[in-house]
Amino acid sequence: MAEPIFDRLAIIGAGLIGSSIARAARDYGAAGEIAIVDASQQVMARVRELGIADDAGGDMAQALKGADLIIICTPVGVCGVVAQAIAPHLEKGAILSDVGSVKGAVVAQIAPHVPAGVHFIPAHPLAGTEFSGPDAGFATLFQNRWSILTPLEGADASAVARLANFWTRIGAKVETMSPEHHDKVLALTSHLPHLIAYNIVGTADDFGEQTRSEVIKFSASGFRDFTRIAASDPTMWRDIFLNNREAVLEMLGRFNEDLSALQRMIRRGDGEGLFDFFTRTRAIRRSIVEQGQDTSAPDFGRR
Ligand SMILES: NC(=O)C1=CN([C@@H]2O[C@H](COP(=O)(O)OP(=O)(O)OC[C@H]3O[C@@H](n4cnc5c(N)ncnc54)[C@H](O)[C@@H]3O)[C@@H](O)[C@H]2O)C=CC1
Ligand SMILES: O=C(O)C(=O)Cc1ccc(O)cc1
């Protein structure tokens, strides 16, 4: 196997993403040693049972000793607190990264705590499922999925390249962009779809018992897909919406306008308008499939 890219990887937060990175780093030889720290004793006990870390003692100073890559894998709402707690233990030349679904607010939370000589390079793997916790992770999660790096201005190019190599080694394709651009793109492609799913499933839940049980009984694939997304972790998604407020509200405004236009077409019996609209949206789906980015195989995300 090729040489490890990092000597010691420390993961803070061993949920779906943190535990998947640990498994993948070991399976693909991306790190010499792997240390895991999690605030939950229950999670730490499970990490030891699963045997996915070389160091799962739970001591922060010990875990970070000699770590040349540290990845914060907690919900985005606590990134700042975590960065503050780990800062005294970070060694010169180390790379500090994260996997948060929001980048602007995460940079604002973490950057003030990064000691001089430590390279802070935020990242976001566009890979996941509706499940959480250390048991939900798996080594192949990042295969053929994007990982977006959002280095700050003046970031050390060789550190960025080394982190990009790490993601490539564990199967991902890497792209670089600014945190602001990331947050706009993800507001539309990930955050808004989750909000719509939470909303439609919530609407069904607001109906009486009789309707609710019929919805469950007769749910065809459209609604079923929404229920999968709406089963995603409440803490994680609360933090995403609180931390990508501006971009989500902007996209929601555009979405509401388009929804009103569709509503008007239905009310006016404008079949031609509806047909044209649905023809445009079908073309988008076709280009995604042509680019080989369709991951909607029946068992995607279900294990
Ligand atoms: N779930 C998904 O599909 C994806 C999630 N992300 C991002 O990855 C991050 C983690 O998400 P998941 O792994 O799904 O969450 P998760 O809920 O499975 O795991 C989070 C872990 O962080 C730990 N934690 C919470 N506060 C902590 C603290 N102060 N110190 C140390 N550990 C702490 C929790 O005990 C838990 O084990 C989030 O920021 C999320 O936005 C990114 C891509 C996909
Ligand atoms: O399960 C799904 O369909 C997802 O969309 C997973 C996901 C959730 C959050 C992210 O920031 C990236 C990927």
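Model, not experiment: these values are computed from the prediction. (Residues numbered from 1 in each chain as written. Chains lettered and ligands numbered in written order. Predicted model: local features only at pLDDT ≥ 70, side-chain atom pairs only at ≥ 80, totals over all residues. Heavy atoms only, no water.)

Looking at the environment of His191
Alright, step 1. With respect to the secondary-structure elements, His191 resides in helix α7 (residues 179-206).
Alright, step 2. The exposure class of His191 is buried, given its relative accessible area of 0%.
Alright, step 3. The sequence separation of His191 and Leu252 amounts to 61 residues, and the corresponding C-alpha distance is 9.9 Å.
Alright, step 4. Ignoring any residue separated from it by four or fewer positions in sequence, one finds His191 in contact with Ser101, Val102, Leu186, Trp237, Ile240, Phe241, Asn244 and Val248.
Alright, step 5. Of note is the side chain of His191, whose polar atom sits 3.3 Å from the backbone oxygen of Ser101. (Helix = DSSP H or I, 4+ residues; strand = E, 2+ residues; numbered from the N terminus. Buried < 20%, exposed > 50% of the residue type's maximum accessible area, 1.4 Å probe, protein only. Contact = heavy atoms within 4.5 Å. Polar contact = N/O pair within 3.5 Å; in protein donor to acceptor, adjacent residues only side chain to side chain.)

Some remarks on the domain arrangement of the protein chain
Alright, step 1. When the domains of the protein chain are assigned, the result is domain 1 (6-177) and domain 2 (181-293).
Alright, step 2. Here domain 1 and domain 2 have C-alpha centroids that lie 30 Å from each other.
Alright, step 3. Tallying the contact residues gives 19 residues for domain 1 and 16 residues for domain 2.
Alright, step 4. Both sides of the domain 1 and domain 2 interface together cover about 1300 Å² of buried area, and 62% of this is carbon and sulfur.
Alright, step 5. Its salt-bridge partner being Arg228, residue Glu130 comes within 2.8 Å of it at the nearest N-O pair.
Alright, step 6. For the pair domain 1 and domain 2, the interface holds six residue pairs in polar contact (both at pLDDT 80 or more).
Alright, step 7. When contributions to the side of domain 1 that touches domain 2 are tallied by element, the ones reaching two or more residues are α5 (104-110) and β7 (146-149).
Alright, step 8. Of the residues forming the side of domain 1 that touches domain 2, the biggest block, three residues, is contributed by α5.
Alright, step 9. In the side of domain 1 that touches domain 2, the residues fall into nine nonpolar, eight polar and two charged. (Domains from an automatic or database assignment. Buried area = accessible area lost by both parts, 1.4 Å probe. Salt bridge = Lys/Arg side-chain N within 4 Å of Asp/Glu carboxyl O. Nonpolar A, V, L, I, M, F, W, Y, C, P; charged D, E, K, R; others polar.)

Quick word on the packing of aromatic side chains
Each aromatic ring pair is described using two quantities: the centre-to-centre distance and the angle formed by the ring planes.
Alright, step 1. For the structure on display, the rule yields five aromatic pairs.
Alright, step 2. Ring geometry for Phe166 against Trp167: centres 6.1 Å apart, planes inclined by 85°, an arrangement best described as edge-to-face.
Alright, step 3. Residue Phe166 is classed as buried on the basis of its relative accessible area of 0%.
Alright, step 4. Residue class for Trp167 comes out buried when judged on its relative accessible area of 1%.
Alright, step 5. Consider the rings of Trp237 and Phe241, whose centres lie 5.8 Å apart with planes at 40°: the pair is tilted. A residue pair is termed a helical-turn pair when its members lie 3 or 4 positions apart in one helix, as Trp237 and Phe241 do in helix α10 (residues 234-243) at four residues. The same class applies to Trp237 as to Phe241, namely buried.
Alright, step 6. These aromatic residues form a ring-pair network of at least three members: Phe6, Phe142, Phe166 and Trp167.
Alright, step 7. In this structure, Arg280 packs its charged tip against the face of Phe277, placed 5.1 Å from the ring centre. (Phe/Tyr/Trp six-rings, centres within 6.5 Å; stacked < 30°, edge-to-face > 60°. Lys NZ or Arg CZ within 6 Å of the ring centre and 35° of its normal.)

Structural notes on the side chain of Asp68
Alright, step 1. Within the secondary structure layout, Asp68 lies in the loop between α3 (60-64) and β3 (69-72).
Alright, step 2. In terms of polar contacts, Asp68 uses its side chain to reach the backbone amide nitrogen of Asp7, at 2.9 Å.
Alright, step 3. One polar contact links Asp68 to Arg162, side chain to side chain, over a distance of 3.1 Å.

Remarks on the site of ligand 1
Alright, step 1. Taken together, 26 residues lie around ligand 1, and Ile17, Asp38, Thr74, Ser101 and Gly133 are the ones closest in.
Alright, step 2. At a separation of 2.9 Å, an oxygen atom of ligand 1 approaches a polar backbone atom of Ile17.
Alright, step 3. Contacts to ligand 1 include Thr129, whose backbone N or O atom sits 3.3 Å from an oxygen atom.
Alright, step 4. In isolation ligand 1 has 830 Å² of accessible area, and contact with the protein removes 84% of it.
Alright, step 5. Residue composition of the shell around ligand 1, grouped by class: 14 nonpolar, 11 polar and one charged. (Near = heavy atom within 4 Å. Areas by Shrake-Rupley, 256 points an atom, 1.4 Å probe, with all protein chains shown as cover.)

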